[in-house]
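Next come the chains, spelled out residue by residue.
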Amino acid sequence: MQLEALLEKYFGYTSFRPGQKEVIEQILMGNDVLALLPTGMGKSLCYQLPGYIFNKPVLIISPLLSLMQDQVDQLKQFKEKRVVALNSFLNAHQKRNVVQALHHYRFIFISPEMLMQQQVLQKLNTMELSLIVVDEAHCISQWGFDFRPDYLRIGEVVGNDNRPPILALSATATDKVVGDIKDYLKMKEPFEYIHSVDRPNIHLTKFMFYDREDKIDWILRHTTETEGPGIIYTQSRTKTEMISEKMLQAGLSAAAYHGGKDTLDRQFIQQQFINGSLEWIVATNAFGMGVHKQNVRQVIHESIPSNMANYMQEIGRAGRDGKDAVAILLYAEGDEDFARFIGIDELPNEVHIEIYDNYKVRNEPPSNMINNGEISETGFRVLNYWMNQLSTNEVKNVLQNMKNEKLQEVNEVMRIVKTSQCMRKMLVQYFGQNLEKNPDNCCSACGISLQEIINPRQQVELGHDEMSWQKRIEKLLIGNL
Amino acid sequence: MIFQQILMQIFHKLNQERTISAPFHLLRGKRSGQTIQDVGIYQLHHFFGILPKLSRKKYDEEISLLIEKQFIRTDEAGSYELMNNHIEDIGNLPFDGWHYRGNEHVFFARLSLIIQSLSHKKAGQMSFIPIQKDEVIQQWVKNFLLINNFQEGTIHEQLMAEMIHSLENTHIEEKVKSIIINRLAGYEVAGFTWQQLSFIEKVSEMDIQLLYIAGLHSWLNSITSQAEQYPLLNNVAQNVRINIPLTGSAFQSTQLFLQGYSIEQISKIRGLKISTIEDHIVELAMNEPHFSIEQFISGRDVQLVLNAIEDYNTKKLKVLHEVLPHLTYFQLRLVLARGDL
Ligand SMILES: Nc1ncnc2c1ncn2[C@@H]1O[C@H](COP(=O)(O)OP(=O)(O)OP(=O)(O)O)[C@@H](O)[C@H]1O
Ligand SMILES: [Zn+2]
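Scoring rules and cut-offs
- Residues numbered from 1 in each chain as written.
- Chains lettered and ligands numbered in written order.
- Predicted model: local features only at pLDDT ≥ 70, side-chain atom pairs only at ≥ 80, totals over all residues.
- Heavy atoms only, no water.
- Helix = DSSP H or I, 4+ residues; strand = E, 2+ residues; numbered from the N terminus.
- Buried < 20%, exposed > 50% of the residue type's maximum accessible area, 1.4 Å probe, protein only.
- Contact = heavy atoms within 4.5 Å.
- Areas by Shrake-Rupley, 256 points an atom, 1.4 Å probe, with all protein chains shown as cover.
- Rg over C-alpha atoms; globule rule 2.2 N^0.38 Å.
- Lys, Arg positive; Asp, Glu negative; His and termini not counted.
- Charge placed at Lys NZ, Arg CZ, Asp CG, Glu CD.
- Pairing = 2+ DSSP bridges.
- Axes fitted to C-alpha atoms, helices over the stretch in contact; angles between N-to-C directions.
- Donors = N, O, S within 2.8 Å, 3.2 Å for Na, K, Ca; no water.
- Tetrahedral: all angles 85-135°; square planar, octahedral: opposite > 155°, others 65-115°.
- Expected span 1.5 Å × (residues − 1).
- Arc of directions from axis to C-beta.
- Near = heavy atom within 4 Å.
- Polar contact = N/O pair within 3.5 Å; in protein donor to acceptor, adjacent residues only side chain to side chain.
- Nonpolar A, V, L, I, M, F, W, Y, C, P; charged D, E, K, R; others polar.
- Domains from an automatic or database assignment.
- Buried area = accessible area lost by both parts, 1.4 Å probe.
- Salt bridge = Lys/Arg side-chain N within 4 Å of Asp/Glu carboxyl O.
- Phe/Tyr/Trp six-rings, centres within 6.5 Å; stacked < 30°, edge-to-face > 60°.

Caption draft 1: Spotlight on the overall build of chain B. Regarding its fold elements, chain B presents 18 helices and 2 strands. Based on the C-alpha atoms only, the size of chain B along its principal axes is roughly 75 × 55 × 35 Å. Within chain B, the fraction of its 341 residues that count as buried is 52%. Pairs at least 24 residues apart make up 68% of the contacts formed inside chain B by residues separated by at least 6 positions. Element-wise, carbon and sulfur atoms account for 50% of the exposed surface of chain B, whose accessible area totals about 15900 Å².

This is the structure:
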């Protein structure tokens, strides 16, 4: 059968998105593939469809539990029952059952930690896999803070001679990181599909302010005058509450979103945003992953992000339907200090090294640092890896370098803020690519007219639906009111 | 505001005899002897454990506000003093923390997943992302739906009728009923966030949550007291209400006691201190209205204790013991545990 027909049969899509077909064809020929596809381009399909073509399980290594859950949910929505997630959420009993039946699944999601466990490895060695997917493959690189030491060992674990093809996936990666991925995964002359990071339908603009307060006023004015749906990114939880509160008072439909919200609240917000009853989300960078809303028209950064990868990922949530959208960056004098603070906040420092050593001296497992609230989990992972590789003094150097790198990344973002050149060109070049063509209304430097991209706001009265609680119960249980 | 009023009600009941932290432990439902006994002594059952996740930071913030507004004054030792300023009283919200202790959230989680499932079923949408992530809840709901033959589609109407009828017979404000129902979601019906509810009702998010919890307690009491009228809901409320609220160890001691063993014997059998067993008996006295304390203290002595409480306006054990030295602390605590003084 034609690939297109299979696509339609299993997923109901009529055509491939750019890159998907190329990647899948290579996989079917048995080649290793490295694919860099911007967020929202449909990376997951690159292994989902092969899962139905091969008659052997696909193993997907994925670093984040929430991401894994999201992908499992996504497949279940397509009525796939033979999908499982092997991660630390499972208790010992569940784990044993899953591992025993592992060969029956079509899609096996696994965390790198689990992959290293004897029991799991033994089982995998007895099985024939059709494909090994390494999702978020940039986590393998020591040069990023997303670094997952366990990723380094994937190559050893799956690297025997008659292994199935490896598909390494990531959104964006610099040349250095791409090199690391190929090395550590021991990929065999992989086919590389590198999609342009440029998103021509996202128009880039920035506004400068003297005073931080002025940014809030600007947002209020802007959101009362123009239409969403939109996301406003800011750095702190309190700010998400404060800004959304003001927007609500101004009669707009807005909600705050951050990691401290309870799980029901987070789902309600996503559901409202997707069904269109909620127009604006004011969020920390906790918002976005797993949210597939096609028609986001505006992404506003109230504060500058801490690095270019975040910026790219966050503005990438706009205009997934391919229609025009705008990314607005607001900057007030001194904002970079806060971005730096956020950037290095979770990074371990000399104090952590000292505490780590003290634990060792006391013969206490240093991992207790996490439970004792002395370090974040990510921070510990990095620290622990290096402490096992190098001497204390060398680790100090490594961490100092990482810190400098972090600070350097804020400077990169600042270059976009300060430049009088094309923002798009700078962005694309940062990721080691060349901009082929500037779209109309390209950016603040090339010239942009917001009115041509976003619509003026229609005045709508925003009474919340005054349904009685009895009616609401009826609507939930009986439907169609 | 509701939160501060609750704090003030607790401070009043504690009669300036406990520290500024006592309400914190009470609200979080701390299972220490001290907190549990205070519940009986000061009749604080309904507030026990209504906010199991209350953070110290949040609590301290609210206390600072009370101090700022001059409702209370504190000293370095951690005790507090009530000032003459009176906070506007909200009356009694129908909390029943003693019997639920956070389990009301289990009830609601089950209900919300049931509703979400039935709502999608009705719309012919068999796959959706479950709104409750807890595996135990998911498993429970799966069983519930199977046992009640949800495929046949008759459970929808029955559940609707039970919900509407039981809520109509629950004595809480209409807005509280709306708050609870607005936290449910289904096919193409999104729930309301706390922030949105707070904006609609014009009270803080904390207060909305308190209204919600009080509302759930009240609703659950209607459901469980009329079990035969609401078979489905009563099933959803399974094991949610704690009818004899005793902690594990106290439960074991009192079991032995009710089998006829003496305090000394229980102490030997269980290898626990006499005073610990006494704590357990006091807990039993507090929780079991039919338990007679007269086996430990004569009616005349009980009256003496009650008089002393009245005369000296205190429930402090130390003071009472000075006034009535012939009674043991254990006897005094039993009288206090009876509470309804
Ligand atoms: N060929 C296609 N046609 C239509 N829709 C598609 C196609 N491929 C994928 N999609 C949809 O696009 C959305 C994004 O896909 P996916 O989750 O794989 O994105 P992603 O690239 O992994 O992005 P993210 O980093 O946000 O997870 C999904 O809703 C998916 O169903
Ligand atoms: Zn440009």
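Caption draft 2: Focus on the overall build of chain A. The helix and strand inventory of chain A stands at 22 helices and 13 strands. Expected size for 481 residues packed as a compact globule is a radius of gyration near 23 Å; at 24 Å, chain A falls within 12% of this value. Counting only contacts in chain A whose residues sit at least 6 apart along the sequence, the fraction spanning at least 24 positions is 74%. Surface exposure of chain A reaches about 22000 Å², of which carbon and sulfur atoms provide 47%. Chain A carries 51 positive and 60 negative side-chain charges, and their two centres are separated by 5 Å.

Caption draft 3: Representation of the sheet that holds strand 9 (residues 230-233) of chain A. Residues and elements named next belong to chain A. The 6 strands are arranged 8-13-12-9-11-10 in an open sheet whose pairing can be described as parallel. Each having just a single partner strand, strand 8 (202-209) and strand 10 (254-257) make up the two edges of the open sheet. For this sheet, the mean angle separating the axes of adjacent strands, direction not counted, is 15 degrees. As judged from the 4 bridges shared by strand 9 and strand 11 (residues 280-283), these two strands associate in the parallel manner. Pairing of Gly230 across the sheet is with Trp280, part of strand 11. Against the sheet, helix 11 (residues 212-225) makes contact with strand 8, strand 9, strand 11, strand 12 (298-301) and strand 13 (325-332), and its axis sits at roughly 155 degrees relative to strand 13, the strand it touches most.

Caption draft 4: Spatial organisation of the coordination of the zinc ion (ligand 2). All names here are of chain A. Taken together, the protein donors to the zinc ion (ligand 2) comprise Cys422 (SG), Cys442 (SG), Cys443 (SG) and Cys446 (SG), at separations of 2.2 to 2.4 Å. Seen from the zinc ion (ligand 2), its 4 donor atoms lie at angles of 101 to 119 degrees, and the figure they make is tetrahedral. Binding-site remark: the zinc ion (ligand 2) is held by donors from one chain whose sequence spacing is C-x19-C-C-x2-C. Placement of Cys422 in the loop between helix 19 (392-418) and helix 20 (423-430) and of Cys442 in the loop between helix 20 and helix 21 (450-453) is noted, with a sequence separation of 20 residues between them.

Caption draft 5: Helix 16 (residues 299-312) of chain B, seen in detail. Residues and elements named next belong to chain B. For helix 16, with 14 residues, the first-to-last C-alpha span of 20 Å sits near the 20 Å given by 1.5 Å per residue. Those residues of helix 16 that sit buried are Asp301, Val302, Val305, Ala308 and Ile309. Take helix 16 and look down its axis: the buried residues cluster within an arc of 120 degrees, on one side only. Residues Arg300, Glu310 and Asp311 are exposed on helix 16 and point more than 90 degrees away from its buried face. The inward-facing, buried residues of helix 16 contact helix 17 (317-323) and helix 18 (329-338). The positive-phi residue at the C-terminal boundary of helix 16 is Asn313, with phi of around 45 degrees.

Caption draft 6: Fine view of the site of ligand 1. Residue and element names in this part refer to chain A. Not every one of the 14 residues close to ligand 1 is listed here, only the nearest: Tyr13, Ser15, Gln20, Gly40 and Ser44. Gln20 has a polar side-chain atom sitting 2.9 Å from a nitrogen atom of ligand 1. Ser44 places a polar side-chain atom, nitrogen or oxygen, 2.6 Å from an oxygen atom of ligand 1. Burial of ligand 1 by the protein amounts to 86% of the accessible area it has alone, namely 630 Å². Broken down by class, the residue content of the shell around ligand 1 amounts to 3 nonpolar, 8 polar and 3 charged.

Caption draft 7: Summary view of the sheet that holds strand 6 (residues 166-170) of chain A. Residues and elements named next belong to chain A. The strand order across the open sheet formed by 7 strands is 3-4-2-5-6-1-7, and the pairing between neighbours is parallel. Every other strand in the sheet has two partners, leaving strand 3 (83-86) and strand 7 (191-194) as the edge strands with one partner each. The mean inter-strand angle of the sheet, taken between neighbouring strand axes irrespective of direction, is 15 degrees. Summarising the sheet, strand 2 (residues 58-61) and strand 4 (residues 107-110) pair through 4 bridges and their orientation is parallel. Residue pairing in the sheet places Val58 in a bridge with Phe107 of strand 4.

Caption draft 8: Region of interest: unusual backbone geometry. Residue Pro229(A) is reached from Gly228(A) by a cis peptide bond, and omega for that bond is -5 degrees. With respect to the helices and strands, the residue Pro229(A) is situated in the loop between helix 11 and strand 9. In this model, Asn149(B) sits at a positive phi of 45 degrees, which is unusual for a non-glycine residue. With respect to the secondary-structure elements, Asn149(B) resides in the loop between helix 7 (135-147) and helix 8 (155-168). Not every positive phi belongs to a glycine, and Glu188(B) is a case in point at roughly 55 degrees. Relative to the elements of secondary structure, Glu188(B) occurs in the loop between helix 9 (174-182) and helix 10 (194-201).

Caption draft 9: Quick look at the domain arrangement of chain B. Residue and element names in this part refer to chain B. On domain assignment, one finds that chain B holds domain 1 (2-90), domain 2 (104-236) and domain 3 (248-338). Taking the mean C-alpha position of each, domain 1 and domain 2 sit 31 Å from one another. Buried area between domain 1 and domain 2, summed over both chains or domains, comes out near 650 Å², and the portion from carbon and sulfur atoms is 81%. The tally of links between domain 1 and domain 2 comes to 0 salt bridges. Remark: the boundary between domain 1 and domain 2 carries 2 residue pairs in polar contact (both at pLDDT 80 or more). Per element, the largest residue contribution to the side of domain 1 that touches domain 2 is 3 residues, and it comes from helix 1 (residues 2-14). Across the side of domain 1 that touches domain 2, the residue classes break down as 6 nonpolar, no polar and 1 charged.

Caption draft 10: Layout of the packing of aromatic side chains. All names here are of chain A. Inspection of the entire model under this criterion finds 25 aromatic pairs over all chains. Measuring from centroid to centroid gives 5.7 Å for Tyr52 and Phe107, while their planes differ by 65 degrees, and the two rings are edge-to-face. One end of the pair, Tyr52, is in helix 3 (residues 45-53); the other, Phe107, is in strand 4, with 55 residues separating them in the sequence. Phe107 carries the same exposure label as Tyr52, and that label is buried.

Caption draft 11: Layout of the environment of Val133(A). Residues and elements named next belong to chain A. Summarising the element assignment, Val133 is placed in strand 5 (residues 131-134). Considering only alpha carbons, one finds Val133 and Leu167, 34 residues apart in sequence, at a separation of 4.7 Å. Apart from the residues lying within four places of it in its own chain, the contact partners of Val133 are Tyr47, Val58, Leu59, Ile60, Ile61, Leu167 and Leu169.

Caption draft 12: Spatial organisation of the pattern of salt bridges. All names here are of chain A. Applying the stated criterion across every chain yields a total of 28 salt bridges over all chains. In this structure, Arg424 and Asp198 form a salt bridge, with 2.9 Å as the shortest nitrogen-oxygen distance. Placement of Arg424 in helix 20 and of Asp198 in the loop between strand 7 and strand 8 is noted, with a sequence separation of 226 residues between them. Overall, Asp198 belongs to the buried group, its relative accessible area being 13%. In this structure, Arg297 and Asp321 form a salt bridge, with 2.9 Å as the shortest nitrogen-oxygen distance. In this pair, Arg297 is assigned in the loop between strand 11 and strand 12 and Asp321 in the loop between helix 14 (308-315) and strand 13, connecting sequence segments 24 residues apart. Accessibility expressed as a relative area gives 15% for Arg297, which makes it buried. Put simply, Arg212, Lys215, Lys239, Glu302 and Asp335 are held in one network by salt bridges that share partners.

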